[in-house]
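Geometric and topological summary
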Amino acid sequence: QVQVVESGGGLVQAGGSLRLSCAASGRTSSWYAMAWFRQAPGKERRFVAGFTWSSSADYADSVKGRFTISRDLVKNALYLQMSNLQPEDTALYYCAMAPVFTGWGPRRENAYDYWGQGTQVTVSS
């Protein structure tokens, strides 16, 4: 059974940094796509950053230049280095994994079968 677990969230002041980690277990094959999404209070869950197996990193416009996604395919791990955090980055951050291509683009929630429980990031002004 696949499990996805995020860690690294917390409370930080505006301008600060955090590093999120995601560990996936229960699968030895490679993933089609790996991504971070976030959901702010009262808003829909949205794509933040991700990879497909054949692509370089992709970022939402709102985080370009501030966030860096990386992966360790041997460890089945995904990371998100977040810098210059702002109050509008406050959200529950989710890690998502897609074992195969299902027809949905990698920025779409429907592309992903496995999700973590989320890790809270709160940025104070």
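From a predicted model like this one, the values you see are computed outputs, not experimental measurements. Residue positions are given per chain, counting from 1 as you read along its sequence in written order. Only residues with pLDDT of 70 or above have their local features reported here, since the model is predicted, and side-chain atom pairs are shown and tallied only from 80 upward, although totals for entire chains, interfaces and linings are computed over all residues. Only hydrogens and water are set aside when side-chain values are computed; all heavy atoms of the structure are taken into account.

**Topic: the packing of aromatic side chains**
Two rings from Phe, Tyr or Trp (for Trp, the six-membered ring) form a pair when their centres sit within 6.5 Å of each other. Planes less than 30 degrees apart are called stacked, planes more than 60 degrees apart edge-to-face, and all others tilted. For the structure shown, the criterion picks out seven aromatic pairs. Seen from their ring centres, F37 and F47 are 5.8 Å apart, and the 80° between their planes marks the pair as edge-to-face. Placement of F37 in strand β4 (residues 33-39) and of F47 in strand β5 (residues 46-52) is noted, with a sequence separation of 10 residues between them. When a residue's accessible area, from a 1.4 Å probe over protein chains only, is under 20% of the maximum for its type it is buried; when over 50% it is exposed; and in between it is partly exposed. By relative accessible area, which is 12% here, F47 ends up buried. Cluster of aromatic residues (ring-pair linked, three or more members): F37, F47, Y94, Y112 and W115. What counts as a helix is a DSSP run of H or I of at least four residues, what counts as a strand is a run of E of at least two, and both are numbered from the N terminus.

**Structural notes on the nonpolar core**
We define the nonpolar core as a collection of buried residues of types Ala, Val, Leu, Ile, Met, Phe, Trp, Tyr and Cys that are connected through side-chain atoms lying within 4.5 Å of one another. By size, the foremost hydrophobic cluster in this structure holds 38 residues, and its most contacted members are W36, L78, L80, M82, Y93 and M97. Going through the elements one at a time, β3 (18-25), β4, β5, β7 (67-72), β8 (77-82), β9 (91-98) and β11 (119-124) are the ones with two or more residues in this core. In terms of residues, this core owes the most to one element, β9, which gives six residues.

**What to know about the pattern of salt bridges**
Just to be clear on terms, a salt bridge is a Lys or Arg side-chain nitrogen sitting within 4 Å of an Asp or Glu carboxyl oxygen. In the structure shown here, the tally under the stated rule is five salt bridges. The shortest N-O distance in the salt bridge between R38 and D89 comes to 2.9 Å. Residue R38 is found in strand β4, and its partner D89 is found in the loop between β8 and β9; the two are separated by 51 residues along the sequence. With a relative accessible area of 0%, D89 lands in the buried category. Within the structure, one salt-bridge network assembled from shared partners comprises R38, R66 and D89.

**What about the side chain of E6?**
With respect to the secondary-structure elements, E6 resides in strand β1 (residues 3-7). Here E6 is buried and forms no salt bridge, its nearest opposite-charge partner R45 lying at an N-O distance of 7.3 Å. Definition of a polar contact: a pair of N or O atoms within 3.5 Å, with one able to donate and the other able to accept a hydrogen when the atoms are protein atoms, and with sequence-neighbouring residues admitted only if both atoms are side-chain atoms. At 2.8 Å, the side chain of E6 and the backbone nitrogen of C95 are in polar contact. Separated by 3.1 Å, the side chain of E6 and the backbone nitrogen of Q117 make a polar contact. Apart from residues no more than four positions distant in its own chain, E6 is found in contact with S21, C22, W36, Y93, Y94, C95, G116, Q117, G118 and T119. A residue counts as positive if it is Lys or Arg and as negative if it is Asp or Glu; His and the chain ends are not included. Two residues form a contact once any of their heavy atoms are found within 4.5 Å.

**A word on the pairing of β4**
For β4, a buried count of six out of seven residues is recorded, marking the element as mostly surrounded by other parts of the structure. Where β4 meets β5, six bridges bridge the pair, whose relative direction is antiparallel. Looking across to β5, one finds that A35 is bridged to G50. Once β4 ends, the chain turns through six residues before running back antiparallel as β5, passing G42 with a positive phi of about 75°. Relative to β9, β4 runs antiparallel, the two being bridged by seven bridges. DSSP-based pairing: two strands are paired if at least 2 bridges between them are found.

So yeah, pure geometry; function would need other evidence.
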